[in-house]
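Spelled out, the chains give:
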Amino acid sequence: MGERGITDPFPKGCLGSERCRIPAILTTPRGTLVAASDARWAHGQDTAGNLETMVARSTDNGLTWERQFVHHFEDVVDGSQRCIYSAGFIDPVLGCDREGTLYLLADMTPAYVGTFAYDGIVCGRESGRHSNGKLALKAGQDISRGENVELNEDTYPYYVGEADGNGYAPVLGIRDHESYEGYLVDEQMYLYRQGTDGVEKVMIPQLDGEGRPTDHMVHGNVFFAAAPLKVYPTFHIVCSISRDDGRTWSAFRSISSQFSQGGFVGVCPGRGISYVPEGADGLEAAGPERMIFPIYDNCRGVEYASAIYTEDQGKTWKRSSYADQTGFRQSGEIIKSSESQVVELPGGILRMYSRNQVDRIGYTESLDGGETWGPYYMEEQLPYCGNCMVSVIRYSRRIDGKVVLVASYPGGDGELYHRVNGIIAVGFYDETEGKVDWRHHYQVNQAPYYYSCLTEFADGRIGLLYEYEEYAMRLEVYEMEEIMEA
């Protein structure tokens, strides 16, 4: 048990993973806590590597948890050290609409793919699709990656066609549009082959922690290093849906083709937000519910945030403009806006707080439901270590007649980028001035403090899931009065 009678959703050794990172947590309309995290096995590093998405669920306010893998590949033996020849999932973000439908998004990377190219890791600058919009493929029987070369009909001569009524899409030649050796794929890009006795799975050897084939055979996928067909080495964003309060989840579906131009484009871990535009009377909805998830990329040489959103429960997605009016550091360097979190303020204003590389947390606002974003402003009352994800939520209840925001971040120790000294700040929004008075700052710890994610329990308490070590996290729960005593 924790200090406040709760247990951690992802203790060390959870589902066999000694290390975990990247907390996400929310409270569903039924009061259920749903949390997500990367399983980073024995290494803890970012992609490329053997990473999976764990989800934990509690119906008793964190006393007990049900745990499962929602995103998991079997291409490499679980529990290994970092192995760049493994496909993986990284940086979960959770969302919940007003009907209780849950969304879990994450970045998915083929074997060898990471944010930065070094020591065998690659990240191509193209979308991974041919001009017809279809996923590009190349043949390759060895344990290897798709090549980071100009994507054309010679370098990637095949593509994934349209699925039939059984959910199988043919692999076709880009020039002749004929079947390539009878290969088929399903929606998650697992490989099959049309045989004399029907459709059969394509089986490949599972790799050990050193990248060597084992005797154990697994279902092949075009994202795997040992598969006979390879994808172009770029990032993909995937989405899974739960309609039963987080008990079960749909198979993941790649959504990147609807908005990504290629290269590194990733979700912002933590939480998405449900937004419903108000009618003229302030009550009746003026449009459909929109689920909004911040994303960011480095396609312009600087990390800039934007957002993707869906109005049909994840079937189709659109992307906002960049939040790129960030300003400059004293050195002349552009201030970035990368990992971000969004809250809704009165009047339908969306405010997005973003990670940057300066010593104060900044925000931008949208007045059109997250489609465009204005200039950034710095919160002088929120000094922090810089270059770390921050969490911000809106409290469900007004206090002294004011809208209340709650933020979590590493306050730092004066040394830039030193992730220590966790803070929970409580701010009161002035609807006339459009500013937040961050008048309360609660000291969570005086120790390492990395990524964090806030949620409000059904009874109004504040839950904080945070990384207290570089590869471990815990859940703490606070009364709002306790935080405001600071």
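Only a predicted model underlies this, so the values are computations on that prediction, with no experimental measurement involved.

A. Main features of the overall build of the chain. Summing up its helical and strand segments, the chain has 1 helix and 34 strands in all. On C-alpha atoms alone, the chain measures out to a radius of gyration of 23 Å, which is about the 23 Å that the 2.2 N^0.38 rule sets for 486 residues. Dimensions along the principal axes, computed over C-alpha positions, put the chain at roughly 75 × 50 × 50 Å. Out of the 486 residues in the chain, the part that is buried amounts to 59%. Contacts spanning at least 24 positions in sequence make up 57% of the contacts within the chain whose residues lie at least 6 apart. Within the structure as shown, the chain displays about 19,100 Å² of accessible surface, and the carbon and sulfur contribution to it stands at 45%. Taking the average place of the 43 positive charges on the side chains of the chain and the average place of its 71 negative ones, the gap between the two points comes to 1 Å.

B. Fine view of the packing of aromatic side chains. Scanning all chains against the criterion turns up 21 aromatic pairs. Taking 6.2 Å as the distance between ring centres and 90° as the angle between the ring planes, the aromatic pair formed by Y190 and F224 counts as edge-to-face. One end of the pair, Y190, is in the loop between β10 (179-185) and β11 (191-195); the other, F224, is in the loop between β14 (213-219) and β15 (229-231), with 34 residues separating them in the sequence. Across this residue pair, the class does not change: Y190 and F224 are buried. Here the aromatic residues F73, F89, Y190, F224 and F252 are joined through ring pairs into a cluster of three or more. Of note, R290 hangs over the ring of Y309, and the distance from its end group to the ring centre comes to 4.1 Å. Over the ring of Y322 we find R300; its NZ or CZ atom is 4.6 Å from the centre of that ring.

C. Expanded view of the environment of S452. Locating S452 in the fold gives a position in strand β32 (residues 452-456). With a relative accessible area of 0%, S452 lands in the buried category. Along the backbone, S452 and G412 are 40 residues apart, and their C-alpha atoms lie at a distance of 14 Å. With residues up to four places along the chain from it excluded, the contact list for S452 reads P23, M389, S391, S408, Y409, L464, L465 and Y466. Side-chain polar atoms of S452 contact the side chain of S408, separated by 2.7 Å.

D. Local environment of the nonpolar core. Core analysis: the largest hydrophobic core is formed by 47 residues, its most contacted members being F73 and L229. Per element, the largest residue contribution to this core is 4 residues, and it comes from β10. If we ignore the near neighbours within four places in the chain, the residues touching F73 are E52, D78, A87, G88, F89, M108, Y190, N221, F223, F224 and F252. Counting residues in each nonpolar core, the second largest holds 24 residues, with L382, M389, V392 and Y451 among its members.

E. Focus on the sheet that holds strand β28 (residues 391-394). Strand order in this open sheet of 4 strands is β28-β29-β30-β31, and the pairing throughout is antiparallel. Taken across any chain shown, the strands that pair with only one partner, and hence form the sheet edges, are β28 and β31 (435-443). Ignoring which end each strand starts from, the neighbouring axes of this sheet average 20° apart. Relative to strand β29 (residues 403-410), β28 is paired through 4 bridges, and the arrangement is antiparallel. The residue bridging I393 from the neighbouring strand is V406, located in β29.

F. Region of interest: the pattern of salt bridges. The tally for this structure, following the rule as stated, stands at 26 salt bridges. Residue E365 is joined to R351 by a salt bridge in which the shortest nitrogen-to-oxygen separation is 2.6 Å. Taken together, the residues E365 in strand β26 (residues 360-366) and R351 in strand β25 (residues 349-354) connect sequence positions 14 residues apart. Residue classification places E365 among the partly exposed positions, given a relative accessible area of 24%. With its nearest N and O atoms 3.4 Å apart, the salt bridge here joins R360 to D359. Under the relative-accessibility criterion, R360 is labelled partly exposed at 26%. Each of the salt bridges in this network shares a partner with another, and the network as a whole consists of D38, R40 and D46.

G. Quick look at the sheet that holds strand β19 (residues 270-271). Here we have 5 strands laid out as an open sheet, ordered β17-β16-β6-β5-β19, and mixed in their pairing. With partners counted over all chains shown, the strands left at the sheet margins are β17 (253-254) and β19, one partner each. Sheet topology places strand β5 (residues 88-96) next to β19; 2 bridges connect them, and they run parallel. Paired with V93 across the bridge in β19 is G270.

H. Spotlight on the side chain of T27. Along the chain, the position of T27 falls in strand β1 (residues 20-27). Here the side chain of T27 touches T455 through a polar contact of 2.9 Å, side chain to side chain. At 2.8 Å, the side chain of T27 forms a polar contact with the backbone oxygen of E456.

Cut-off values and rules
Residues numbered from 1 in each chain as written. Predicted model: local features only at pLDDT ≥ 70, side-chain atom pairs only at ≥ 80, totals over all residues. Heavy atoms only, no water. Helix = DSSP H or I, 4+ residues; strand = E, 2+ residues; numbered from the N terminus. Rg over C-alpha atoms; globule rule 2.2 N^0.38 Å. Buried < 20%, exposed > 50% of the residue type's maximum accessible area, 1.4 Å probe, protein only. Contact = heavy atoms within 4.5 Å. Areas by Shrake-Rupley, 256 points an atom, 1.4 Å probe, with all protein chains shown as cover. Lys, Arg positive; Asp, Glu negative; His and termini not counted. Charge placed at Lys NZ, Arg CZ, Asp CG, Glu CD. Phe/Tyr/Trp six-rings, centres within 6.5 Å; stacked < 30°, edge-to-face > 60°. Lys NZ or Arg CZ within 6 Å of the ring centre and 35° of its normal. Polar contact = N/O pair within 3.5 Å; in protein donor to acceptor, adjacent residues only side chain to side chain. Core = buried A, V, L, I, M, F, W, Y, C linked by side-chain atoms within 4.5 Å. Pairing = 2+ DSSP bridges. Axes fitted to C-alpha atoms, helices over the stretch in contact; angles between N-to-C directions. Salt bridge = Lys/Arg side-chain N within 4 Å of Asp/Glu carboxyl O.

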